[in-house]
Amino acid sequence: MEELAGVTGNIATIGYGLATLGPGIGLGILIGKALEGMARQPEVANTLRTNMFIGVAFVEVLALLGLIAGFLFS
């Protein structure tokens, strides 16, 4: 049987590529909303910045879990 569109290699690489979409969108929304909040209320900028970095850490963990799952299930 012919290969479909010449796709060869490990399907986990495609899965990881798709898994990076979620954290990428999440980071964009998270950082954008934090900056919007800082612009609206500059007096709470330090609190928002701290919470933003905690959120960024959690979102990045999702990307790393996607990478690890790609290696584990391949």
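Structure: above.
Report follows, based on the coordinates. (Residues numbered from 1 in each chain as written. Predicted model: local features only at pLDDT ≥ 70, side-chain atom pairs only at ≥ 80, totals over all residues. Heavy atoms only, no water.)

### Overview of the nonpolar core
- If you look at the biggest cluster of nonpolar residues, it comprises 5 residues: Leu 27, Ala 34, Met 52, Val 56 and Val 59.
- When contributions to this core are tallied by element, the ones reaching two or more residues are helix 2 (21-40) and helix 3 (45-72).
- Looking at which element gives the most residues to this core, the answer is helix 3, with 3 residues.
- If near-sequence neighbours (up to four positions away) are discounted, Val 59 is found in contact with Pro 23 and Leu 27. (Core = buried A, V, L, I, M, F, W, Y, C linked by side-chain atoms within 4.5 Å. Buried < 20%, exposed > 50% of the residue type's maximum accessible area, 1.4 Å probe, protein only. Helix = DSSP H or I, 4+ residues; strand = E, 2+ residues; numbered from the N terminus. Contact = heavy atoms within 4.5 Å.)

### Description of helix 2
- With 20 residues, helix 2 should reach 28 Å at 1.5 Å per residue; the first-to-last C-alpha distance of 29 Å fits that figure.
- Of the residues making up helix 2, those classed as buried are Pro 23, Leu 27, Ala 34 and Met 38. Angular distribution of buried residues about the axis of helix 2 spans 45 degrees; they occupy a single face of the element. Exposed positions of helix 2 whose direction lies more than 90 degrees from the buried face are Leu 21, Ile 25, Ile 29, Lys 33, Ala 39 and Arg 40. (Expected span 1.5 Å × (residues − 1). Arc of directions from axis to C-beta.)

### Focus: the pattern of salt bridges
- By the definition in use, this model includes 2 salt bridges.
- A salt bridge links Lys 33 to Glu 36, with the nearest nitrogen and oxygen atoms 3.8 Å apart. Of this pair, Lys 33 and Glu 36 are both found in helix 2, 3 residues apart, which corresponds to roughly one turn of the helix.
- The exposed category is assigned to Lys 33, whose relative accessible area is 55%.
- Classification of Glu 36 by relative accessible area gives partly exposed; the value is 34%.
- A salt bridge links Glu 36 to Arg 40; the nearest nitrogen and oxygen atoms lie 3.5 Å apart. Of this pair, Glu 36 and Arg 40 both sit in helix 2, 4 residues apart, roughly one helical turn.
- Linked through salt bridges whose partners overlap, the residues forming this network are Lys 33, Glu 36 and Arg 40. (Salt bridge = Lys/Arg side-chain N within 4 Å of Asp/Glu carboxyl O.)

As far as function goes, none of this settles anything; it's purely spatial.
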